[in-house]
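As a plain string of letters, each chain reads:
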Amino acid sequence: MLLTNIQVATMDGDGYGLIPDAVIAMDNGRIDWVGPRADLPGDMAGQDSRDLDGRLVTPGLIDCHTHLVHGGDRAREFEMRLEGASYEEIARAGGGILSTVRDTRAASVEDLVAAALPRLDALLAEGVCTVEVKSGYGLDVETELTMLRAARALERHRKVRVVTSFLGAHAIPPDYDGRADDYLEVVCLPALRAAHDEGLVDAVDGFCEGIAFTPAQIGQVFEAAQALGLPVKLHAEQLSHLGGAALAARYGALSADHVEYATEDDARALARSGSVATLLPGAFYTLHETQLPPVAAFRGHGVPIALATDANPGSSPLFSLLLAMNMGCTLFRLTPQEALCGTTRHAALALGLTEAGRIAPGMRADLAVWDVGHPAELPYRIGFNPLHHRWFDGEIA
Ligand code: DI6
Ligand code: FE
């Protein structure tokens with residue numbers, strides 16, 4: 001199958017990797033060839049082709065940090081914050097993440113899938129082809145497994161790739177209040193091993209924060225992950241600087257996420273470990289955060305920057321990756337090219353995916369086709385969706 005009369009942002013090589021009058025050849029769910037129309041190899045010219053009227057084609061977008069699977073909502077907490085309570089106060093009073101834990105424990109796999117599908121559909125409607133989904137609202141062995149089973153099940157309901165992260169170290173459940181180490185030993189690590197045995201875990205994540213786990217505790221989780229051969233990533237330096245980014249770097253993490261309070265030294269460490277800094281402007285915005293992530297330090301030291309929604313019921317009820325890109329540009333001063341790179345090529349890196357995020361021979365044929373004249377239009381408008389259609393695995397989705 002050939003896609004013709006297109007402009008392509010390959011996100012391969014420098015910048016957008018823009019090819020003005022391009023052709024993409026797809027074969028068996030993979031990109032077979034991409035380049036200027038004039039260079040199309042003669043033996044490819046006779047294939048079925050689809051004229052896309054000059055539209056822009058990008059890699060299918062990748063949302064590399066979400067908490068899409070959960071029970072309930074937190075609209076009341078949104079109200080409480082606007083009446084003056086802080087995110088941390090609500091968490092310490094047993095609300096916040098723990099209120100979602102109560103609702104998630106009450107749900108079956110089917111309930112969780114049914115609740116997640118409309119959220120997922122909002123992402124897919126904007127050209128997303130791959131989505132990361134975390135556990136972390138179960139905090140008991142059975143519910144952590146239930147969440148991950150629901151995440152995997154999404155792939156059977158929609159044309160999407162799901163990458164899972166085990167986030168048992170997300171919060172300390174009430175029955176282990178003040179006994180975080182016991183929670184890790186009795187619940188979190190056994191849940192990780194059980195989930196891994198069932199093939200439910202692609203990476204291991206944690207929340208390193210005053211209201212969650214210390215770097216030493218996260219270190220234990222990372223040791224267990226490494227023993228299972230699983231890559232790690234971390235919610236680090238979101239509300240304060242605790243040393244999570246440096247810890248993540250020491251374990252060669254795929255990514256350190258949030259990182260508003262990261263320092264120049266953290267940027268150096270992340271660059272050395274090849275970890276991605278995943279920026280989550282939806283949480284920054286929702287929590288009225290004022291500490292900006294050190295974007296200049298990330299750029300200066302060559303840390304790849306990804307952007308994601310952090311879609312979750314509390315700190316980032318954001319289900320638009322295009323809006324996350326807009327926020328990345330306007331709030332964090334990313335360039336539009338960095339924003340698109342952050343939801344394609346660098347988002348793939350943040351998930352350890354080698355076959356997504358770029359348009360190049362051998363990559364999966366996951367594509368987004370847009371009614372725009374230039375890629376900068378994608379993060380530019382607010383609340384406007386120019387997606388024309390997606391290709392998933394070489395087929396129209
Ligand atoms: N940081 C976040 O942004 C989410 N989890 C985390 O560790 C928030 C989760 C929530 O508030 O429900
Ligand atoms: Fe998160």
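Residues numbered from 1 in each chain as written. Chains lettered and ligands numbered in written order. Predicted model: local features only at pLDDT ≥ 70, side-chain atom pairs only at ≥ 80, totals over all residues. Heavy atoms only, no water.

Enquirer: Looking at this structure, how should I read the site of ligand 1?
Expert: With respect to spatial proximity, 14 residues lie near ligand 1, and among them Arg-74, Tyr-87, Tyr-137, His-170 and Asp-310 are the closest. Contact distances for ligand 1 include 3.2 Å between a nitrogen atom and a side-chain N or O atom of Gln-238. Take His-258: an N or O atom from its side chain is 3.1 Å from an oxygen atom of ligand 1. Here ligand 1 has 320 Å² of accessible area as a free molecule, and 100% of this is covered by the chains. For ligand 1, the cavity whose grid points lie within 2 Å of the majority of its atoms is the largest cavity. (Near = heavy atom within 4 Å. Polar contact = N/O pair within 3.5 Å; in protein donor to acceptor, adjacent residues only side chain to side chain. Areas by Shrake-Rupley, 256 points an atom, 1.4 Å probe, with all protein chains shown as cover. 1 Å grid on protein atoms, 1.4 Å probe; cavity = no way out; pocket = protein on both sides within 12 Å on 5 of 7 lines; lining within 4 Å. Sits in = over half its atoms within 2 Å of the grid points.)

Enquirer: Looking at this structure, how should I read empty space enclosed by the protein?
Expert: A water-sized probe, rolled over the atoms, reveals where empty space remains. Under the criterion given, the structure shown has two cavities of 30 Å³ or more. The volume enclosed by the largest cavity comes to roughly 100 Å³. Lining the largest cavity we find 14 residues, and of these His-67, Tyr-87, His-170, Asn-312 and Ser-315 sit closest to its centre. Tallied by class, the residues present in the lining of the largest cavity amount to four nonpolar, eight polar and two charged. The calculated volume of the second largest cavity comes to roughly 40 Å³. (Points joined across faces, edges and corners; volume = space filled by probe spheres on them. Nonpolar A, V, L, I, M, F, W, Y, C, P; charged D, E, K, R; others polar.)

Enquirer: Please clarify how unusual backbone geometry should be interpreted in this entry.
Expert: Where the residue is not glycine, phi is negative for most of them; where a peptide bond is considered, it is trans in most cases. Despite not being glycine, Asn-28 has its phi angle at roughly 55°, a positive value. Looking at where Asn-28 falls in the secondary structure, it is placed in the loop between β2 (18–27) and β3 (30–36). Phi is positive for His-258, which is not a glycine, with a value near 80°. Within the secondary structure, His-258 is located in strand β10 (residues 255–258). Judged by its relative accessible area of 1%, His-258 is buried. (Helix = DSSP H or I, 4+ residues; strand = E, 2+ residues; numbered from the N terminus. Buried < 20%, exposed > 50% of the residue type's maximum accessible area, 1.4 Å probe, protein only.)

Enquirer: I tried to follow the side chain of Thr-309 on my own but got confused; where do I start?
Expert: Along the polypeptide, Thr-309 turns up in the loop between β12 (305–307) and α12 (321–332). At 2.6 Å, the side chain of Thr-309 forms a polar contact with the side chain of Asp-63. Here Ala-311 takes part through its backbone nitrogen, which lies 3.0 Å from a polar atom of the side chain of Thr-309.

Enquirer: Explanation requested: the sheet that holds strand β1 (residues 2–9) in the structure shown.
Expert: Sheet strands pair via backbone hydrogen bonds, and the direction of the pair is either parallel or antiparallel. As summarised here, the arrangement of the seven strands in space is β3-β2-β1-β4-β13-β14-β15, forming an open sheet in which the pairing is mixed. Either end of the sheet is taken by a strand with one partner, and the two such strands are β3 and β15 (395–396). Bridge count for strand β4 (residues 49–59) against strand β13 (residues 367–370) is four bridges, and the pairing is antiparallel. Within the sheet, the bridge partner assigned to Thr-58 lies in β13 and is Ala-368. (Pairing = 2+ DSSP bridges.)

Enquirer: Mind showing me how you'd approach the sheet that holds strand β9 (residues 233–236) here?
Expert: Ordered by their spatial adjacency, four strands build an open sheet running β9-β10-β11-β12, and the pairing between neighbours is parallel. Looking along the sheet, the strands with just one partner apiece sit at the ends: β9 and β12. Strand-to-strand, the axes of this sheet are offset by a mean angle of 25°, without reference to chain direction. (Axes fitted to C-alpha atoms, helices over the stretch in contact; angles between N-to-C directions.)

Enquirer: I'm lost on the layout of surface pockets in this one. Help?
Expert: Taken as a whole, the largest pocket holds about 310 Å³ of empty space. In this structure, the largest pocket is lined by 18 residues; those nearest its centre are Ala-91, Leu-98, Ile-172, Asp-177 and Ile-211. When contributions to the lining of the largest pocket are tallied by element, the ones reaching two or more residues are α2 (87–92) and α3 (97–105). When its residues are assigned to classes, the lining of the largest pocket shows 11 nonpolar, four polar and three charged.

Enquirer: Help me understand the coordination of the iron ion (ligand 2) in this model?
Expert: Reference values for angles at a metal are 109.5 degrees in the four-donor tetrahedral case and 90 or 180 degrees in the six-donor octahedral case. Only His-65 (NE2), His-67 (NE2), His-235 (NE2) and Asp-310 (OD) from the protein reach the iron ion (ligand 2) as donors, at distances of 2.1 to 2.3 Å. Seen from the iron ion (ligand 2), its four donor atoms lie at angles of 80 to 165°, and the figure they make is irregular. The sequence motif formed by the donor residues of the iron ion (ligand 2) is H-x1-H-x167-H-x74-D. Here His-67, found in the loop between β5 (61–63) and α1 (75–82), pairs with His-235, found in strand β9; they are 168 residues apart in sequence, far enough to count as distant. Like His-67, the residue His-235 is buried in the burial classification. (Donors = N, O, S within 2.8 Å, 3.2 Å for Na, K, Ca; no water. Tetrahedral: all angles 85-135°; square planar, octahedral: opposite > 155°, others 65-115°.)

Enquirer: Quick question: what am I supposed to make of α12 here?
Expert: The α-helix advances 3.6 residues per turn, and as a result positions three or four apart in sequence lie on the same side. With respect to burial, α12 is a largely interior element, nine of its 12 residues being buried. Buried within α12 we find Leu-321, Leu-322, Ala-324, Met-325, Asn-326, Met-327, Gly-328, Cys-329 and Phe-332. For α12, the side-chain oxygen to backbone nitrogen distance between the N-cap and Leu-323 is 2.9 Å, and the N-cap itself is Ser-320. Backbone geometry just downstream of α12 places Arg-333 in the positive-phi region, at approximately 65°.

Enquirer: Help me out: how do you make sense of the environment of Val-141 in this one?
Expert: Tracing the chain through its elements places Val-141 in helix α5 (residues 141–157). Separated by 50 residues in sequence, Val-141 and Ala-191 have C-alpha atoms that sit 4.6 Å apart. Once residues lying within four places of it in the same chain are set aside, the contact partners of Val-141 are Val-187 and Ala-191. (Contact = heavy atoms within 4.5 Å.)

Enquirer: Please clarify how the pairing of β13 should be interpreted in this entry.
Expert: Each regular strand shows side chains that alternate between the opposite faces of the sheet. Side-chain alternation along β13 places Leu-367 and Val-369 on one buried face and Ala-368 and Trp-370 on a second face that is also buried. Judged from the four bridges that link them, β13 and strand β14 (residues 387–392) form a sheet pairing that is antiparallel. Counterpart to Ala-368 in the pairing with β14 is Arg-390.

Enquirer: Even after reading the chapter, I still don't get the packing of helix α6 (residues 180–197) against helix α7 (residues 215–227), so can you show me in this structure?
Expert: Helix packing geometry: the angle between the two helix axes and the distance between the axes. Packing of α6 against α7 leaves a shortest axis separation of 11 Å and a crossing angle of 20°. The angle between the axes of α6 and α7 places the two elements in the roughly parallel class. Crossing angle aside, the handedness with which α6 passes α7 is right-handed. On α7, the residues that touch Ala-180, Asp-181, Leu-184, Leu-189, Leu-192 and Arg-193 of α6 are Gln-217, Gln-220, Val-221, Ala-224 and Ala-225. Along the lines of polarity and charge, the residues of the contact of α6 with α7 split into seven nonpolar, two polar and two charged. (Parallel < 35°, antiparallel > 145°, perpendicular 65-115°, else oblique. Left-handed = near helix turned anticlockwise from the far one by under 90°.)

That is the geometry; function is a separate question.
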